[in-house]
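# Observations on the three-dimensional arrangement
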Amino acid sequence: MKDRSLLMIPGPIEFEPAVLGAMGAPTTSHVAPDFIETFGRAIEGLREVWHAPTGQPFILAGSGTLAMDTAGANLVEPGDRVLVLSTGVFGDRFVDLLGRYGTQVDVLRTVPGETVDFDAVRDQLASADYKLMTATHVDTSTAVRVNAQTFGALGAEFGVLTILDGVCSVAGEEIRQDEWQLDVVLTASQKAIGVPPGLALVVAGPRAIQAFENRTTPVQNYYADWAKWLPIMRAYEDRRPSYFGTPAVNLVCALACSLELILAEGMETRWARHAVIGEAMRAAIHALDLGQIPTSDDHAANTLSAPRIPTGLEPPRLLSGIREAGVILAGGLYPELRSAYFRVGHMGAVRTGDLLATIGAIESSLASCGYPVSVGDGLRAAQHVLAA
Ligand SMILES: *Cc1c(COP(=O)(O)O)cnc(C)c1O
């Protein structure tokens, strides 16, 4: 029997063999001509995946939280007023983060499962002079998706910079950074971009770079300072050697490989594939009568799902049954609801067969835990969506 489980958590995900192969190539110098070429291609690829022809990409060694930190650190100055739209744990992370840089942070927090109410955002923006606002495209703790296009449009209308945390959405959910007037869109390598953990990926639009250049105080974060990294990113793109901090050479090679695969699939095709997989997963959740954290399928993410756990069933018991059936899933993350739900990641290289294996494992674990499930109902509902 193949001694391997299927990893279906919201990052890290299953990676393409070619990406892992690229990562395993002998490490070269960070100023070797072939590595400079690879880094340059990765920068150009980011612009295409983000749909950000005028954007400035940054590829830094670090996790998604560093991507958030670099966006915040470079765009705010002490005394700035900022607005955080929070739909879960990762939205709340921005409150703490931006506060560290001496800003006055206001939060509009939704009830878990609800998406952002943009009428309330509009009222809030009209009530004070904000420099910047943040939103989490897909909050991985609630599986709630926010309308990124409306978010960008409101920011542009009020002249407020927008940071979209796309860690659980970029390369899975539709994003058109330039067209949607999003100033910063960021992610991490281990999610839908499909590269092992370790890269923080940020694309800053012209208004963001302008705001950075207009600063009157230094960036209060040494490693994340765009003043250090802008010349490096520009040098790699011009195919010139440069150095500030050693890049994660092997991860950048893996990134260039993954971006090539993503662009070969095509963004529209990729978004559509995620939409079908998300819909199939939700169809299974409904057919099994589990319920989910998002209060409507209209704002449920396509990159992960958050099914509820039947009352009386302990999450560890359900998840270990699923693991015995060969699939690794994640527990709940939202503090007040932690034991009420679990999380299924379905992004990146995910195939329909992976999804069916996952649904089958959930059904068999529910059955062996004594939940009155009609085994096969979830699979049938998902197959129905996949066949359509
Ligand atoms: C995973 C995630 C993060 C944090 O990324 P790390 O790589 O764990 O630091 C931030 N925001 C969202 C939406 C995420 O899904």
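About the criteria used
- Residues numbered from 1 in each chain as written.
- Predicted model: local features only at pLDDT ≥ 70, side-chain atom pairs only at ≥ 80, totals over all residues.
- Heavy atoms only, no water.
- Helix = DSSP H or I, 4+ residues; strand = E, 2+ residues; numbered from the N terminus.
- Rg over C-alpha atoms; globule rule 2.2 N^0.38 Å.
- Buried < 20%, exposed > 50% of the residue type's maximum accessible area, 1.4 Å probe, protein only.
- Contact = heavy atoms within 4.5 Å.
- Areas by Shrake-Rupley, 256 points an atom, 1.4 Å probe, with all protein chains shown as cover.
- Lys, Arg positive; Asp, Glu negative; His and termini not counted.
- Charge placed at Lys NZ, Arg CZ, Asp CG, Glu CD.
- Pairing = 2+ DSSP bridges.
- Domains from an automatic or database assignment.
- Buried area = accessible area lost by both parts, 1.4 Å probe.
- Core = buried A, V, L, I, M, F, W, Y, C linked by side-chain atoms within 4.5 Å.
- Near = heavy atom within 4 Å.
- Polar contact = N/O pair within 3.5 Å; in protein donor to acceptor, adjacent residues only side chain to side chain.

## Some words on the overall build of the protein
The secondary structure content of the protein amounts to 13 helices and 14 strands. Computed over C-alpha atoms, the radius of gyration of the protein comes to 21 Å, within 12% of the 21 Å expected from 2.2 N^0.38 for 388 residues, which places it in the range of a compact globule. Along the first, second and third principal axes, the C-alpha set of the protein runs to 65 × 55 × 35 Å. Put simply, the protein has 388 residues, and 58% of those count as buried. When contacts within the protein are restricted to residue pairs at least 6 apart in sequence, those whose partners lie at least 24 apart make up 72%. In the structure as shown, the protein presents an accessible area of about 15,100 Å², 52% of it carried by carbon and sulfur atoms. Across the protein, the centroid of the 29 positively charged side chains sits 4 Å from that of the 43 negatively charged ones.

## Overview of the pairing of strand β14 (residues 342-345)
Going residue by residue along β14, you find Phe 342 and Val 344 tucked away on one face and Arg 343 and Gly 345 tucked away on the opposite face as well. Sheet analysis places strand β13 (residues 330-331) next to β14, joined by 2 bridges and oriented antiparallel. Its bridge partner lying in β14, Ala 330 is registered against Arg 343.

## Observations regarding the domain arrangement of the protein
On domain assignment, one finds that the protein holds domain 1 (6-11 + 266-387) and domain 2 (18-265). Inter-centroid distance (C-alpha atoms) of domain 1 to domain 2 is 28 Å. Taken together, the contacts link 30 residues of domain 1 with 32 residues of domain 2. On the domain 1 side of the interface with domain 2, the three residues burying the most area are Met 267, Trp 271 and Tyr 334, jointly 26% of the side's total.

## Some thoughts on the nonpolar core
What tends to happen in soluble globular proteins is that the nonpolar side chains get buried as a cluster. Trp 50, Ile 59, Val 184, Ile 193 and Leu 255 are the most contacted members of the largest nonpolar core, which totals 102 residues. Once residues lying within four places of it in the same chain are set aside, the contact partners of Trp 50 are Val 170, Ile 175, Arg 176, Gln 177, Val 185, Leu 186, Thr 187, Ile 193, Leu 201 and Val 203. Counting 31 residues, the second largest nonpolar core, distinct from the first, contains Leu 313, Val 350, Leu 366 and Val 373.

## Here's the deal with the site of the ligand
The local shell around the ligand holds 15 residues, among which Ser 63, Thr 65, Thr 140, Asp 165 and Lys 191 are the closest. Residue Gly 64 places a main-chain N or O atom 2.7 Å away from an oxygen atom belonging to the ligand. Contacts to the ligand include Thr 140, whose side-chain N or O atom sits 2.3 Å from an oxygen atom. Against a free-state accessible area of 380 Å², the protein chains account for coverage of 89% of the ligand. For the shell around the ligand, the element with the highest residue contribution is helix α3 (residues 64-75), accounting for 3 residues.

## Digging into the environment of Val 121
The topology assignment puts Val 121 in helix α5 (residues 118-127). Spatially, the C-alpha atom of Val 121 lies 37 Å from that of Ile 232, the residues being 111 residues apart in sequence. Sequence-distant contacts of Val 121, that is, excluding residues within four places in its chain, are made with Leu 83, Leu 85, Leu 108, Val 116, Met 133 and Leu 154.

## Describing the sheet that holds β14
Pairing within the open sheet is antiparallel, and its 3 strands lie in the order β11-β14-β13. This sheet does not close on itself; its edge strands, each paired only once, are β11 (304-305) and β13.

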